[in-house]
Amino acid sequence: TFHSFPLHQPSTMAASLVNSAKRVSLVWFKNTDLRIHDHLPLLSAHKSSDSVIHLMVIDKFWFHNKTQLLGISKTGPFRCKFLKESILDLRKNL
């Protein structure tokens, strides 16, 4: 938790704000781990935090690059469809 205080506020005000701070967790969903039913970091974050931020980074590396050995796409149409459906499911259920 990050708080910014103007210089003219008394320190008692800063102390009371810090004491009332909320616990925020960040859960990073990786390309290979999009489930929620047995995702231990997700379950733990929701149990121990006031607020949870869910993050998934879509890296163009997986969609625009080819494998070195065979020169085929790293992510084909079926995987793209699966990822899209998985992300929509995460949005719906989180």
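Here is a short report on the structure shown in this document.

1. Describing the overall build of the protein chain
Check the secondary structure of the protein chain and you find four helices and two strands. Reading the protein chain from its N terminus to its C terminus gives the helix and strand order α-β-α-β-α-α. Surface accessibility of the protein chain: about 7800 Å² in total, with carbon and sulfur atoms responsible for 60%.

2. Digging into the pattern of salt bridges
With the rule as written, the count across this model stands at three salt bridges. A salt bridge links Asp38 to Arg35, with the nearest nitrogen and oxygen atoms 2.3 Å apart. A salt bridge links Glu85 to Lys81; the shortest N-O distance between them is 2.7 Å. With Glu85 and Lys81 both in helix α4 (residues 77-93) and four residues apart, this pair spans about one turn of that helix. Here Glu85 falls in the partly exposed class, since its relative accessible area comes to 43%.

3. Some remarks on empty space enclosed by the protein
A water-sized probe rolled over the atoms picks out the places where empty space is left. For the coordinates displayed, the defined rule picks out one cavity of 30 Å³ or more. Within this model, the largest cavity holds a volume of roughly 30 Å³. Residue lining of the largest cavity: Asn31, Met56, Val57, Ile58, Asp59, Trp62, Phe63 and Leu83, and that is the complete set. Looking at the lining of the largest cavity residue by residue, the classes come out as six nonpolar, one polar and one charged.

Calculation notes
- Residues numbered from 1 in each chain as written.
- Predicted model: local features only at pLDDT ≥ 70, side-chain atom pairs only at ≥ 80, totals over all residues.
- Heavy atoms only, no water.
- Helix = DSSP H or I, 4+ residues; strand = E, 2+ residues; numbered from the N terminus.
- Areas by Shrake-Rupley, 256 points an atom, 1.4 Å probe, with all protein chains shown as cover.
- Salt bridge = Lys/Arg side-chain N within 4 Å of Asp/Glu carboxyl O.
- Buried < 20%, exposed > 50% of the residue type's maximum accessible area, 1.4 Å probe, protein only.
- 1 Å grid on protein atoms, 1.4 Å probe; cavity = no way out; pocket = protein on both sides within 12 Å on 5 of 7 lines; lining within 4 Å.
- Points joined across faces, edges and corners; volume = space filled by probe spheres on them.
- Nonpolar A, V, L, I, M, F, W, Y, C, P; charged D, E, K, R; others polar.

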